[in-house]
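Structural characterization, general
Listed below are the residues making up each chain.
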Amino acid sequence: LSGKNRALFLTWYASFDAWEKDMKSVEKNGTLSAELERATVADGEMLDSMDQAVFYNEPELSYHPHADISHARYMEISEYHVKRGHESGWRELAKMVIAANDKAGTSAHWAMLNLVYGGDGGTYLLLTADNSMVDIDHGFTEDKAFHDAMGEEGWRRFEQLYADTVDDSHTELFAINPKQSYMDDAVIKADPDFWKPKAAAAKAPATAPAAKPADKPKP
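Definitions and cut-offs
- Residues numbered from 1 in each chain as written.
- Predicted model: local features only at pLDDT ≥ 70, side-chain atom pairs only at ≥ 80, totals over all residues.
- Heavy atoms only, no water.
- Helix = DSSP H or I, 4+ residues; strand = E, 2+ residues; numbered from the N terminus.
- Buried < 20%, exposed > 50% of the residue type's maximum accessible area, 1.4 Å probe, protein only.
- Contact = heavy atoms within 4.5 Å.
- Patch = residues over 30% accessible without salt bridge, like charges linked within 9 Å, V, L, I, M, F, W, Y side chains within 5 Å.
- Areas by Shrake-Rupley, 256 points an atom, 1.4 Å probe, with all protein chains shown as cover.
- Salt bridge = Lys/Arg side-chain N within 4 Å of Asp/Glu carboxyl O.
- Pairing = 2+ DSSP bridges.
- Axes fitted to C-alpha atoms, helices over the stretch in contact; angles between N-to-C directions.
- Core = buried A, V, L, I, M, F, W, Y, C linked by side-chain atoms within 4.5 Å.

Some points on the overall build of the chain
Helices and strands together make up the secondary structure of the chain, namely 8 helices and 5 strands. Along the chain, helices and strands appear, N-terminal first, in the series α-α-β-β-α-β-β-α-α-α-β-α-α. Residues counted as buried form 26% of the 219 residues belonging to the chain. Within the chain, counting contacts between residues at least 6 apart in sequence, those at least 24 apart form 81% of the total.

So, in structure tokens, the structure goes:
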């Protein structure tokens, strides 16, 4: 819904070992491997670029992440690039933000991911799932409570630390597309109308009114 027209596919694994086992199971499935290869070739004719990266979950820098995204409709994704040698400052920043949200009692929540393969070191993604755009509106209304919880001295420290630590950041808003998603059964069962909508029943053709018999001519 913002930025260039693109699609992101996110796949979660509990570990690198789990990822490897998944890849091996695909390799052993000849039918699936062939279908994936066919799809890749077909997609290649329509894509102007494709990229891939691996991120590692950072629980200590995350805040009330939503494990259940069965009712999510949107995803806010913020990317931050931390200057070399300022990792400790970045972690201090994140903990300041977490503490202020705790104190203010906001509805904020996110998962923090650290890029480990496929891009510049020091890159972090902050993912926030929204059930509706009302969640986004609500988040903006909590800004004042967050600032008050930070306090004037804390806010000055935050701004200085941010300037010293982060050299680039941007945020995009994505809509979740159920037709291009492959979710586990638990997610689908929690909201089947969204993830697996039933095909609309074909509308029966209108029945033509019965022909009215013509009046017999009078003698």
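Some words on a nonpolar patch on the surface
On the surface, Phe16, Tyr56, Val116 and Tyr117 cluster together to form a nonpolar patch covering roughly 420 Å² of accessible area. For Val116, the position within the fold is in strand S3 (residues 111-117).

Notes on the sheet that holds strand S4 (residues 123-130)
Strand order across the open sheet formed by 5 strands is S1-S3-S4-S2-S5, with antiparallel pairing between neighbours. At either end of the open sheet lies a strand with only one pairing partner, and these are strand S1 (54-57) and strand S5 (166-175). Going across the sheet, the axis of each strand differs from the next one's by a mean of 30°, ignoring polarity. Relative to S4, strand S2 (residues 74-82) runs antiparallel, the two sharing 8 bridges. Considered in S4, the bridge of Met75 is made with Ala129.

What about the nonpolar core?
Residues Trp90, Trp110 and Met112 are the most contacted members of the largest nonpolar core, which totals 21 residues. Of all elements in the fold, only S2, helix H3 (87-104), S4, helix H5 (143-150) and helix H6 (152-165) reach the threshold of two or more residues within this core. Dropping the residues within four chain positions of it, Trp110 is found in contact with Leu61, Ser62, Tyr63, His64, Pro65, Val97, Ile98, Asn101, Leu126, Leu127 and Thr128. One finds Met75, Leu125, Phe174 and Ile188 within the second-largest nonpolar core, a separate group that totals 13 residues.

Remarks on the pattern of salt bridges
Taken as a whole, this structure holds 8 salt bridges when the rule is applied. When the shortest N-O distance is used, the salt bridge between Glu172 and Arg6 registers 3.6 Å. Residue Glu172 is found in strand S5, and its partner Arg6 is found in the segment before helix H1 (16-28); the two are separated by 166 residues along the sequence. Three or more residues joined by partner-sharing salt bridges are found here, namely Glu58, Glu87 and Arg91.

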